[in-house]
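Examining the three-dimensional arrangement
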Amino acid sequence: MQRQPKNELMDAEKIKRTITRMTHEIIEKNKGTEDLILVGIKTRGIPLAKRISDKIKAFEGVEVPLGKIDITFYRDDLSQKGDLPILQDSELDFSIENKTVILVDDVLYTGRTARAAIDALMDIGRAKKIQLAVLVDRGHRELPIRADYVGKNVPTSKDEIIAVHLSEIDEQDRVVIVGNEG
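The sections below set out a description of the structure shown in this document. (Residues numbered from 1 in each chain as written. Predicted model: local features only at pLDDT ≥ 70, side-chain atom pairs only at ≥ 80, totals over all residues. Heavy atoms only, no water.)

So, about the environment of Lys68. One can find Lys68 in strand S3 (residues 66-69). For Lys68, a relative accessible area of 24% corresponds to the partly exposed category. It is 5.1 Å that separates the C-alpha atoms of Lys68 and Glu91, two residues lying 23 residues apart in sequence. (Helix = DSSP H or I, 4+ residues; strand = E, 2+ residues; numbered from the N terminus. Buried < 20%, exposed > 50% of the residue type's maximum accessible area, 1.4 Å probe, protein only.)

Position of Glu160 among the secondary structure elements: in the loop between strand S6 (149-153) and strand S7 (161-165). Looking at Glu160, its side chain comes within polar contact range of the side chain of Lys6, at 2.7 Å. (Polar contact = N/O pair within 3.5 Å; in protein donor to acceptor, adjacent residues only side chain to side chain.)

Our focus in this paragraph is the sheet that holds S3. Strands pair in a sheet through their backbones, by hydrogen bonds, and they do so in one of two ways: parallel or antiparallel. One open sheet holds the five strands; their spatial order is S3-S2-S4-S5-S6, and the pairing between them is parallel. In the strand order of this sheet, the two ends are held by S3 and S6, each with one partner. Each neighbouring strand pair of the sheet contributes to a mean axis angle of 25 degrees, computed without reference to strand direction. Pairing of strand S4 (residues 100-108) with strand S5 (residues 129-137) involves eight bridges; the strand directions are parallel. When the sheet's bridge partners are listed, Val101 is paired in S5 with Ile130. Of the strands in this sheet, strand S2 (36-41), S3, S4 and S5 are in contact with helix H3 (residues 112-124), which crosses S4 at around 155 degrees. (Pairing = 2+ DSSP bridges. Axes fitted to C-alpha atoms, helices over the stretch in contact; angles between N-to-C directions. Contact = heavy atoms within 4.5 Å.)

A few words on the packing of helix H1 (residues 12-29) against helix H2 (residues 45-60). Axis separation between H1 and H2 bottoms out at 9 Å; the angle between their running directions is 65 degrees. Here H1 runs over H2; the crossing is right-handed. Residues Ile15, Lys16, Ile19, Thr20, Thr23, His24, Ile26 and Ile27 of H1 form the contact with H2, whose own contacting residues are Leu48, Arg51, Ile52, Lys55, Ile56, Phe59 and Glu60. Of the residues in the contact of H1 with H2, the class split is eight nonpolar, three polar and four charged. (Left-handed = near helix turned anticlockwise from the far one by under 90°. Nonpolar A, V, L, I, M, F, W, Y, C, P; charged D, E, K, R; others polar.)

Here we take up the environment of Leu103. Looking at where Leu103 falls in the secondary structure, it is placed in strand S4. Sequence separation of Leu103 and Ile46 is 57 residues, and the distance between their C-alpha atoms is 9.6 Å. Once residues lying within four places of it in the same chain are set aside, the contact partners of Leu103 are Val39, Ile41, Ala114, Ala117, Ile118, Leu121, Ile130, Gln131, Leu132 and Ala133.

Locating Asp106 in the fold gives a position in strand S4. Here Asp106 is buried and forms no salt bridge, its nearest opposite-charge partner Arg44 lying at an N-O distance of 5.0 Å. (Lys, Arg positive; Asp, Glu negative; His and termini not counted. Salt bridge = Lys/Arg side-chain N within 4 Å of Asp/Glu carboxyl O.)

On to the nonpolar core. Counting 27 residues, the largest nonpolar core has Ile102, Val104, Val136, Ile162 and Val175 as its most contacted members. With five residues, H1 is the largest single contributor of residues to this core. Those residues in contact with Val175 that sit more than four places away from it in its chain are Asn7, Glu8, Leu9, Met10, Ile15, Leu135, Val136, Ile162, Ala163 and Val164. Ranked by size, the runner-up nonpolar core spans 22 residues in total, among them Ile71, Val101, Leu103 and Val150. (Core = buried A, V, L, I, M, F, W, Y, C linked by side-chain atoms within 4.5 Å.)

A separate point is the packing of aromatic side chains. Tallied over the entire structure, the rule returns zero aromatic pairs. Between the NZ or CZ atom of Lys29 and the centre of the ring of Tyr149, over which it lies, the distance is 5.5 Å. Here the basic side chain of Arg138 rests over the ring of Tyr109, its NZ or CZ set 3.9 Å away from the ring centre. (Phe/Tyr/Trp six-rings, centres within 6.5 Å; stacked < 30°, edge-to-face > 60°. Lys NZ or Arg CZ within 6 Å of the ring centre and 35° of its normal.)

The structure is reproduced here in structure tokens:
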């Protein structure tokens, strides 16, 4: 069954303003950018983290370390081969020891992706603090996870999907709710 967009939640301008606001909140909550690291969760968290990084540089004149993490083998719905999962397509070319790591993702739903990303980070090192920034929080948590920075809270039914489109991947910026029926 084809899923059709039911409602546009954010257009390109609203996404831009939301990322600007979230960046200000990150800087304010952390009292600046010292010891701050941004890590995008594959796939759409990576360009979102880059956009936040660019805003921090524009506002503060500081380039914060920017990494990406692939949590595929940390997911709890995949059977693992071997004792330790292997990170693939992850780039963390810096130490996270005693740093504040901001995990960035597009949508927070059950909390399982965030939990997997936290597990992956903890296998890499011991951060002083881990915070979570998401463009959309749609509810329906299955784990006790909450975002520190939320672009937009969108109550949804479990039948709906939040589709985030980013120009770096999808050639356009928009967030839509998609339902089962067109």
